[in-house]
Amino acid sequence: MKLYCLSGHPNKACNVVTFKSCTLMLDCGLDMSSVSHFLPLPLVSSQRLNNLSSWVPRDADSQLEGQLESYVYEILTRCWPPYATHANGILWSEMAFFIIIRHMTPIFLPFFCQVPKFTIIFTKRPYIHHTSLFMEEVVEYIERTPKARQASRWKNFLRSLPQPLGDANAPRTWQPAYSMKAINEAMSHVQIVAYNEKKDICGALKVTAVSSGFCMGSCNWLIATQHEKLAYLSGSSTLTTHPRPIDQLALKNADVLIMTALNHTPMYNPDSMLGEFCVAVAQTVRNGGNALVPCYPSGVVYDLFECLSNHLDNLGLSLIPMYFVSPVAESSLAYSNIFSEWLSSSKQGKVYQMDDPFPHAHLVRTGRLKAFKSLHAEGFSMEYRQPCIMFCGHPSLRFGDAVHFIEMWGSNPQNAILFTEPEFDFKEALAPFQPLAMRPVYCPIDTSLNFTQARKLVSELRPGKLVVPEVYLRPPPSAPHRTDLTLNLEEVPLTYSECQVVSLGVKRRLESLSLTPEVAKTLNPVTIRPGLNTATITAALHCHDNKYLLKAVDPNDDSLGNKLPTCYPYGNLSVEDLVQRLAAAGLTDARVEEAGGVYMITLLAQAGLI
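Just so we're clear, the structure is a prediction, and the values are computed from it rather than from any experiment.

## A word on the pairing of strand β11 (residues 219–224)
Consideration 1: Extensive coverage of β11 is indicated by the burial of five of its six residues.
Consideration 2: Pairing of strand β10 (residues 205–211) with β11, which is carried by six bridges, proceeds in the antiparallel orientation. Bridge pairing in β11 places S211 opposite C219.
Consideration 3: Two elements, β11 and strand β12 (residues 229–234), share four bridges in a ladder whose sense is antiparallel. Each bridged residue has a counterpart across the sheet, and for L222 the counterpart in β12 is A231.

Here it is in structure tokens:
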């Protein structure tokens, strides 16, 4: 069993496991941080961005003229080139199975499904619904944005460019945003699985999804045979939020446990950050300002609606409107209420009582939360009033309605922009909008396992071998003295890094097989000790789809000839026991001679020596 690591970002993992002639990709995270290198795509043409002065590096080619201030539309990038026929020892054309682990992984599917001979994707129903909303939102944002200029020649002159463009990873492989047609094509490859449902992989492996407790439909996976068990733990949480709690029992006593995607921001407590978020929003609107929250259309935003509305009620600010603006806002709110089986027991209990699992359904009915597809949607201009709380995309601040609101509200210091998604650096996100009077508030909310929780979980799961990214054994660069922000365990785990192949140390020692009724009838078991029986067997071994079957030998099969054995020697021979048995049979004249570990038994009477 081997692990191929194709991504250096532990929270955007791209790992491939090979075992028993099967190749499975476990996640393929799409790292969208490269969008922060480029200018925002405003909803309407921005005079400020259009009037940026040209800049060309010294001694650079004249072809770079006008390139570096232009809009760059290749914002969706690939972590690795799927068109490559061979990478890190993996033949992509032979990899037919892809298991989705992280909740943001399916955004990559339209790119991944271009791999030749690719066939099946395993994921959960909430994942595929909500991620299709993410993809539709991105496509809508890109397609509705004015495309005045494009630039691509800069990719040929990376050495002449400053950071971060000069450090861009293989920009020629970056892909433009996909279309709705590509999304629908990718969805046709998906197979939906339920929790604890076993899926067969070529007859050799069984894969099972179990709850990870991170978000709606999030899961960890078990990859097992009848004799080996690998657990893949990624994006898990032991906190009590809206999804179903993590299933630890299924992960226990695995031969190998691969752990990745721990907390993005381990120095920030999610409970404290949620409290700071509510306080900052309430303070902003109480002072007459507007609060802008760049967010994804599902996920932690559901918890923000719930906690923020309760906080505003306690402060007497119930009349402050909340707006949720996204091309898929209405669909996201509707879908969240129909996946009760993926929610926590408290949320499920509300469903059984004919109540809504999430309070945002009540907020919508009472008019406190208003969902719109866009700023020019019907009714938005009539409902819009200030001060307000605006939830819209995209967290990168490079496209989406958030760009428009920053342009509109950025000059007022009473307004605030609140960053809750840990994926993007808020200083880099705000860089193109400077100088900005709007108050930034950074309160990242990441409920995935921190290092303390991860250490406790590993001690409870007791895996035979633990495999983690190498970076988890070092403190983060921003806090090199914080040794508590490492996965410091008594037994040093096996580590991996980008473009590395790791042998997991699991070897095939046993294989299960079946008998036909005809062969079973010929067995004559002998009891060796209580609970252990043995029998000799003569049969033909047949293998099909990695399943083994013993069938009766055809006596008319000429290809066997005289190859069928008549006896089956087994175990070690005891010379003393053999001599005693010969004596019991009347051969009392046996003489034993030993030379170099070889024993010779001579029957004297039979040899004519007496």
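And the narrative resumes.
## As for the pairing of strand β24 (residues 526–529)
Consideration 1: Strand direction decides the pairing type here: β24 and strand β25 (residues 532–534), joined by three bridges, are antiparallel. Bridged to V526 within β25 is T534.
Consideration 2: Hairpin connection of β24 to β25: two residues between the antiparallel strands, including G531 at a positive phi of 90°.

## Focus: the pattern of salt bridges
Consideration 1: Under the criterion given, the structure shown has eleven salt bridges.
Consideration 2: R591 is paired through a salt bridge with E593; the nearest N and O atoms lie 3.2 Å apart.
Consideration 3: Looking at R591, the relative accessible area reads 39%, which means it is partly exposed.

## Observations regarding the sheet that holds strand β21 (residues 494–496)
Consideration 1: Reading across from one edge, β9-β10-β11-β12-β13-β20-β21 is the order of the seven strands in this open sheet, with mixed pairing throughout. Each end of this open sheet is capped by a strand with a single partner; those strands are β9 (198–201) and β21. In this sheet, adjacent strand axes meet at a mean angle of 20° when their direction is disregarded.
Consideration 2: As defined by bridge partners, strand β13 (residues 256–260) adjoins strand β20 (residues 466–469) across two bridges and the pair is classed as parallel. Paired with I258 across the two strands is V467, which belongs to β20.
Consideration 3: Most of the contacts of helix α13 (residues 451–461) go to β13, to which it runs at about 165°, and overall it touches β12, β13 and β20.

## Notes on the sheet that holds strand β26 (residues 540–544)
Consideration 1: One open sheet accounts for three strands, arranged β23-β27-β26; its pairing is mixed. Only two strands of the sheet have a single partner each, and these edge strands are β23 (513–515) and β26. Here the strands of the sheet are splayed against their neighbours by 30° on average, with no regard to which way each runs.
Consideration 2: Alignment of β23 against strand β27 (residues 547–551), held across three bridges, turns out to be parallel. Within the sheet, the bridge partner assigned to S514 lies in β27 and is L549.

## Observations concerning the environment of V519
Consideration 1: As for its position among the elements, V519 is in helix α14 (residues 517–521).
Consideration 2: Taking the relative accessible area as the measure of exposure, V519 reaches 1% and is therefore buried.
Consideration 3: As for V519 and A539, which are separated by 20 residues in sequence, their C-alpha atoms are 7.0 Å apart.
Consideration 4: Not counting residues up to four positions away in its chain, the partners in contact with V519 are I537, A539, L550, K551 and A552.

## Let's talk about the packing of aromatic side chains
Consideration 1: Applying the stated criterion to the full structure yields 14 aromatic pairs.
Consideration 2: With a centroid separation of 5.3 Å and 45° between ring planes, the pair formed by Y302 and F358 is classed as tilted. On the criterion of sequence distance, the pair formed by Y302 in helix α6 (residues 300–314) and F358 in the loop between α8 (345–352) and α9 (360–365) is long-range, its members being 56 residues apart.
Consideration 3: You can call Y302 buried: its relative accessible area is 1%.
Consideration 4: A connected cluster of aromatic rings, assembled from ring pairs, spans Y268, F419, F426 and Y442.

Cut-offs used in this document
- Residues numbered from 1 in each chain as written.
- Predicted model: local features only at pLDDT ≥ 70, side-chain atom pairs only at ≥ 80, totals over all residues.
- Heavy atoms only, no water.
- Buried < 20%, exposed > 50% of the residue type's maximum accessible area, 1.4 Å probe, protein only.
- Helix = DSSP H or I, 4+ residues; strand = E, 2+ residues; numbered from the N terminus.
- Pairing = 2+ DSSP bridges.
- Salt bridge = Lys/Arg side-chain N within 4 Å of Asp/Glu carboxyl O.
- Axes fitted to C-alpha atoms, helices over the stretch in contact; angles between N-to-C directions.
- Contact = heavy atoms within 4.5 Å.
- Phe/Tyr/Trp six-rings, centres within 6.5 Å; stacked < 30°, edge-to-face > 60°.

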